[in-house]
Amino acid sequence: MDMKSRRGFFAKIAAMVAVVAGAPKLFALQGPPAAAPEASPGAPPPRRPVGNHTHNGIYYFSGTGSNDGYPKDDHVLVTDPFEKHVTRTMDALKKSVERAGCTMDSIIHLEVFLCLPLADGIPMPAGKARFDAHKAQYDALNKIYGTYFSPGKAPSRACMALEWIPGDSLIEIVGSAAVLTPPTAG
């Protein structure tokens, strides 16, 4: 699966979570939408941005995984240690929010998705062993995750276990951050 479709997938999940979490109340507080620019006849309708974008001072990011920002020859594999996946994902997230004029401490909310490695030769645990494997990932995540935020500044977070994550990553992060210093064009 390519990068654009993976980000689109997680953007749709984030949108669904936002709707369930009360986004209609947030949208009700906004003014009326701006008039759409005139489209030329036969042109496709304008699309809303998919993936990372800034809107009204909030940076929305999706699809940040352990191989984002790394060349193909430096990708981690699902068989690599989970801690390596977490560290690389958090490093990629930090770079992404900083490019957008945010800091890790200005992150508002995160959705963290975890999965167990699906690879030939690695048996998939079942029952209590599966629970224990996810709990071990959650504990490892928390040890590393906390080092990326100032004391008392970690954002609200939801953490979910999935069957599979695109891009050979065992972790994927979606969320939003307040833009502190908008990046300059150029």
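Above this text is the structure in question.
Residues numbered from 1 in each chain as written. Predicted model: local features only at pLDDT ≥ 70, side-chain atom pairs only at ≥ 80, totals over all residues. Heavy atoms only, no water.

1. Notes on the overall build of the chain
Right, so step 1: A tally of helices and strands in the chain yields four helices and five strands.
Right, so step 2: The secondary structure elements of the chain, listed N-terminal to C-terminal, are α-α-β-β-α-β-α-β-β.
Right, so step 3: Residues classed as buried in the chain amount to 34% of the 186 residues present.
Right, so step 4: Within the chain, contacts between residues separated by at least 24 positions form 78% of all contacts whose residues are at least 6 apart in sequence.
Right, so step 5: Surface accessibility of the chain: about 11,200 Å² in total, with carbon and sulfur atoms responsible for 62%. (Helix = DSSP H or I, 4+ residues; strand = E, 2+ residues; numbered from the N terminus. Buried < 20%, exposed > 50% of the residue type's maximum accessible area, 1.4 Å probe, protein only. Contact = heavy atoms within 4.5 Å. Areas by Shrake-Rupley, 256 points an atom, 1.4 Å probe, with all protein chains shown as cover.)

2. Topic: the pattern of salt bridges
Right, so step 1: In total, this model carries five salt bridges according to the counting rule given.
Right, so step 2: The closest approach of N and O atoms between E98 and K94, which form a salt bridge, is 2.8 Å. You can see E98 and its partner K94 sitting in helix 3 (residues 82–99), four residues apart, about one turn around the helix.
Right, so step 3: Judged by its relative accessible area of 41%, E98 falls in the partly exposed class.
Right, so step 4: Residue K94 is classed as partly exposed on the basis of its relative accessible area of 32%.
Right, so step 5: Put simply, R130 and E163 hold a salt bridge, and the shortest N to O gap is 2.8 Å. With R130 in helix 4 (residues 127–145) and E163 in the loop between strand 4 (156–162) and strand 5 (171–178), the pair connects residues that are 33 residues apart, well separated along the chain. (Salt bridge = Lys/Arg side-chain N within 4 Å of Asp/Glu carboxyl O.)

3. Considerations on the sheet that holds strand 1 (residues 53–55)
Right, so step 1: Taken together, five strands build an open sheet; the order of strands is 1-2-5-3-4 and the sheet is mixed. Looking along the sheet, the strands with just one partner apiece sit at the ends: strand 1 and strand 4. Strand-to-strand, the axes of this sheet are offset by a mean angle of 15 degrees, without reference to chain direction.
Right, so step 2: Of the pairings in the sheet, the one linking strand 3 (residues 107–115) to strand 5 comprises seven bridges and is antiparallel in character. Paired with E111 across the two strands is V174, which belongs to strand 5.
Right, so step 3: Contacts between helix 3 and the sheet are confined to strand 2 (58–65), strand 3 and strand 5, with strand 2 contributing the most and set at about 150 degrees to the helix. (Pairing = 2+ DSSP bridges. Axes fitted to C-alpha atoms, helices over the stretch in contact; angles between N-to-C directions.)

4. Points about the side chain of H85
Right, so step 1: Among the structural elements, H85 can be located in helix 3.
Right, so step 2: Separated by 2.9 Å, the side chains of H85 and S66 make a polar contact.
Right, so step 3: Of note is the side chain of H85, whose polar atom sits 2.8 Å from the backbone oxygen of L77.
Right, so step 4: Not counting residues up to four positions away in its chain, the partners in contact with H85 are S66, V76, L77, V78, D80, D168, S169, L170 and I171. (Polar contact = N/O pair within 3.5 Å; in protein donor to acceptor, adjacent residues only side chain to side chain.)

5. Observations regarding the pairing of strand 2
Right, so step 1: Burial analysis of strand 2 places seven of its eight residues in the buried class, the great majority of the element.
Right, so step 2: Note that strand 1 and strand 2 share three bridges and pair antiparallel. Its bridge partner being in strand 2, H55 is matched across the sheet by I58.

6. Observations concerning the environment of A119
Right, so step 1: Within the secondary structure layout, A119 lies in the loop between strand 3 and helix 4.
Right, so step 2: Taking the C-alpha atoms as reference points, A119 and V78, 41 residues apart in sequence, are found 7.1 Å from one another.
Right, so step 3: If we skip the residues at most four places from it in the chain, A119 touches V78 and T79.

7. Details of the packing of aromatic side chains
Right, so step 1: Enumeration over the complete set of coordinates arrives at two aromatic pairs.
Right, so step 2: Measuring from ring centre to ring centre gives 5.6 Å for Y59 and F61, while their planes differ by 40 degrees; the resulting arrangement is tilted.
Right, so step 3: What makes Y59 buried here is its relative accessible area of 7%.
Right, so step 4: Take F61: its relative accessible area is 1%, and that puts it in the buried class.
Right, so step 5: Taking the ring centre of Y70 as reference, the NZ or CZ of K95 above it sits at 5.7 Å.
Right, so step 6: Lying over the aromatic face of Y145, R157 brings its terminal NZ or CZ to 4.5 Å of the ring centre. (Phe/Tyr/Trp six-rings, centres within 6.5 Å; stacked < 30°, edge-to-face > 60°. Lys NZ or Arg CZ within 6 Å of the ring centre and 35° of its normal.)

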